[in-house]
Amino acid sequence: MMTSSFTRLLVMVQKELLELVRSLKLLWVPLVFVLLGVMQPASMYYMPLILEKAGNITEGAVIEIPQPLGSEVLAQTLQQFGTLGLLVLVLVGMSSVSGERNSGAASLILVKPIAVFSFTASKWTALLLLAWGSLSAGYLASWYYTGLLFGDVQASKVLGSLLVFGLWLSFAMTLTLFFSTLLRSSAAAAFSTLGTAAALSLLAGLLPKKLGWLPGSLSSFAYQTAVSDIANVSLFGWALACTFTLMAAALTGASWLLRRSSAID
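Note that the coordinates shown come from a computational prediction; the quantities given were computed from them, not determined experimentally. (Residues numbered from 1 in each chain as written. Predicted model: local features only at pLDDT ≥ 70, side-chain atom pairs only at ≥ 80, totals over all residues. Heavy atoms only, no water.)

(A) Expanded view of the overall build of the chain. Within the chain, the secondary structure is distributed over 12 helices and zero strands. Sequence-ordered secondary structure for the chain, helices as α and strands as β, is α-α-α-α-α-α-α-α-α-α-α-α. The buried share of the chain, taken over its 265 residues, is 42%. Of the contacts formed within the chain by residues at least 6 apart in sequence, a portion of 81% connects residues at least 24 apart. (Helix = DSSP H or I, 4+ residues; strand = E, 2+ residues; numbered from the N terminus. Buried < 20%, exposed > 50% of the residue type's maximum accessible area, 1.4 Å probe, protein only. Contact = heavy atoms within 4.5 Å.)

So this is what it looks like as structure tokens:
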């Protein structure tokens with residue numbers, strides 16, 4: 001029985017990945033991350049020249065901008081991924097469930113011997129593979145160009161910050177799936193996801209000692225990992241526990257909502 005369910009899950013994951021390939025999302029989303037990753041070290045390296053050529057500068061003035069460390073450049077790259085990159089991923093995943101429910105495709109699939117959890121888990125797995133693949137491609141590209149322009153950064157820092165920030169994107173993708181199941185409107189699902197992510201990040205940033213255990217603090221922990229070390233390891237542990245708990249709850253809740261809506265429909 002378990003083997004049969006796992007096989008069906010694999011088939012559903014393959015279906016989702018095939019749809020990502022056919023829609024070219026598996027191509028252009030990683031390219032966006034690579035572009036963001038390359039632009040950050042390049043723009044920071046050539047910033048003095050850009051300001052010099054921009055005009056409105058007194059003749060003879062000398063622009064001196066301290067050259068940042070390579071680790072600081074990578075931290076800035078993660079910030080780009082946390083804004084523009086997150087926006088792209090949420091827009092890609094906002095109709096993952098709501099789109100198929102509105103078109104009736106979800107009802108046709110769930111009529112077959114496909115468990116609701118397998119349906120939800122396959123979409124969640126595809127979203128996570130897309131997010132991790134895009135993040136890895138963009139971050140490794142940034143690491144390469146940062147090494148060329150600013151100096152080498154330890155691989156342990158790159159890997160550590162990649163894993164922590166990848167967990168934050170995984171949480172955001174899980175929220176996207178949950179709101180896409182809860183709401184019929186794809187736009188409302190995207191707005192709810194971005195609003196929740198922004199609120200969690202804002203709360204964790206304003207009250208780091210009291211609310212640093214929220215998932216919104218993961219991005220700042222990723223920046224710390226890239227630059228130096230995590231200041232509060234205990235708080236980071238609580239943030240990890242809270243993130244995994246909320247992800248499991250959101251995935252379970254999405255399956256329950258889909259099962260309930262299928263019964264009503």
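(B) Inspection of the packing of helix 4 (residues 70-93) against helix 9 (residues 186-206) at higher detail. Closest axis-to-axis distance for the helix 4/helix 9 pair is 9 Å, and the angle between their directions is 145°. Between helix 4 and helix 9 the crossing geometry is right-handed. On the side of helix 4, the interface is formed by Leu 86, Leu 87, Val 90 and Leu 91, while helix 9 contributes Ala 190, Thr 193, Leu 194 and Ala 197. Partitioning the contact of helix 4 with helix 9 into residue classes produces seven nonpolar, one polar and no charged. (Axes fitted to C-alpha atoms, helices over the stretch in contact; angles between N-to-C directions. Left-handed = near helix turned anticlockwise from the far one by under 90°. Nonpolar A, V, L, I, M, F, W, Y, C, P; charged D, E, K, R; others polar.)

(C) Spotlight on the packing of aromatic side chains. By the definition in use, this model includes six aromatic pairs. Judged by centre distance (5.9 Å) and plane angle (20°), the ring pair of Trp 168 and Phe 171 falls under stacked. Taken together, the residues span about one helical turn, with Trp 168 and Phe 171 both in helix 8 (residues 155-182) at a distance of three residues. A single burial state applies to Trp 168 and to Phe 171, both of which are buried. On the numbers, 5.2 Å between centres and 70° between planes, the contact of Phe 221 with Phe 236 is edge-to-face. One end of the pair, Phe 221, is in helix 11 (residues 218-227); the other, Phe 236, is in helix 12 (residues 233-264), and 15 residues separate them in sequence. A relative accessible area of 14% means that Phe 236 is categorised as buried. (Phe/Tyr/Trp six-rings, centres within 6.5 Å; stacked < 30°, edge-to-face > 60°.)

(D) Structural context of the packing of helix 4 against helix 8. With their axes 10 Å apart at the nearest point, helix 4 and helix 8 run at an angle of 25° to one another. Comparing their axes, helix 8 and helix 4 come out roughly parallel. Note that helix 4 runs across helix 8; the crossing there is right-handed. The residues of helix 8 that touch helix 4, namely those facing Leu 74, Leu 78, Phe 81, Gly 82, Leu 86, Leu 89, Val 90 and Gly 93, are Val 158, Ser 161, Phe 165, Leu 169, Ala 172, Met 173, Thr 176 and Ser 180. (Parallel < 35°, antiparallel > 145°, perpendicular 65-115°, else oblique.)

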